[in-house]
Amino acid sequence: ETETRPALLGSLTLRLPTGDEARGLGAENVDVGLLAVISKAFGPVTLTGNWGYTFVTRESELDFWSLNGSIEYRVTKAWSLVGEVVSRLGTGRADDTIVLRAGSVYAITDRVKLDGALGFGLNRGSPELLATVGVTIGLF
């Protein structure tokens, strides 16, 4: 990111068939995900958007789009408020899910962050209510 240009990221994800399907773990074949992300900071506010497509090779009717956006407001150097919309939109038989979440991130140190959020689904295929908590530890 520069003063006039946003940060850009591209990602390729492979889901490999490493589970044991006979025991209900994992699925056959390989799924391929492509993702593009754009992010820009405007003072204490950071806007991020990402979109992607996942190819489900065992059955193309399960392919889906990912469309997501977030806003982060840095309250202090250590504490931020975050809001996001996360969606997974099926192209065939895959269910659509759309979730709205709000939460907070607190940086204990430059490398250790705590986060938590509450979310709720915006459509029938989404979870009614969900809570997430996490710890991020940067190693390098």
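The rules behind the values
Residues numbered from 1 in each chain as written. Predicted model: local features only at pLDDT ≥ 70, side-chain atom pairs only at ≥ 80, totals over all residues. Heavy atoms only, no water. Pairing = 2+ DSSP bridges. Helix = DSSP H or I, 4+ residues; strand = E, 2+ residues; numbered from the N terminus. Axes fitted to C-alpha atoms, helices over the stretch in contact; angles between N-to-C directions. Salt bridge = Lys/Arg side-chain N within 4 Å of Asp/Glu carboxyl O. Buried < 20%, exposed > 50% of the residue type's maximum accessible area, 1.4 Å probe, protein only.

On to the sheet that holds strand β2 (residues 31-42), then. The antiparallel open sheet is built from eight strands, whose spatial order is β1-β2-β3-β4-β5-β6-β7-β8. Since the sheet does not close on itself, it has two edges, and those belong to β1 (7-15) and β8 (129-137), each with one partner. In this sheet, adjacent strand axes meet at a mean angle of 15 degrees when their direction is disregarded. Of the strand pairs in this sheet, β2 and strand β3 (residues 45-56) are connected by twelve bridges, and their pairing is antiparallel. Looking at β3, one finds that S39 is bridged to T48.

This part covers the pairing of strand β4 (residues 64-74). Pairing geometry for β3 and β4, over ten bridges, is antiparallel. Across the sheet, T46 pairs through a bridge with E72, a residue of β4. Pairing of β4 with strand β5 (residues 79-90), which is carried by eleven bridges, proceeds in the antiparallel orientation. Following the sheet pairing, E72 is matched in β5 by V82. Taking the residues between adjacent antiparallel strands as the criterion, β4 and β5 are bridged by four residues.

With that settled, consider the pattern of salt bridges. Working definition: two side chains of opposite charge can pair if their charged atoms are close together. By the definition in use, this model includes six salt bridges. Across the salt bridge formed by D31 and R15, the nearest N and O atoms sit 3.0 Å from each other. Taken as a pair, D31 in strand β2 and R15 in strand β1 lie far apart in primary sequence, 16 residues in all. Take D31: its relative accessible area is 11%, and that puts it in the buried class. For R15, a relative accessible area of 28% corresponds to the partly exposed category. As a salt-bridge pair, R101 and E84 come within 2.7 Å of each other at their nearest N and O atoms. You can see R101 sitting in strand β6 (residues 97-107) and its partner E84 sitting in strand β5, a full 17 residues away along the chain.

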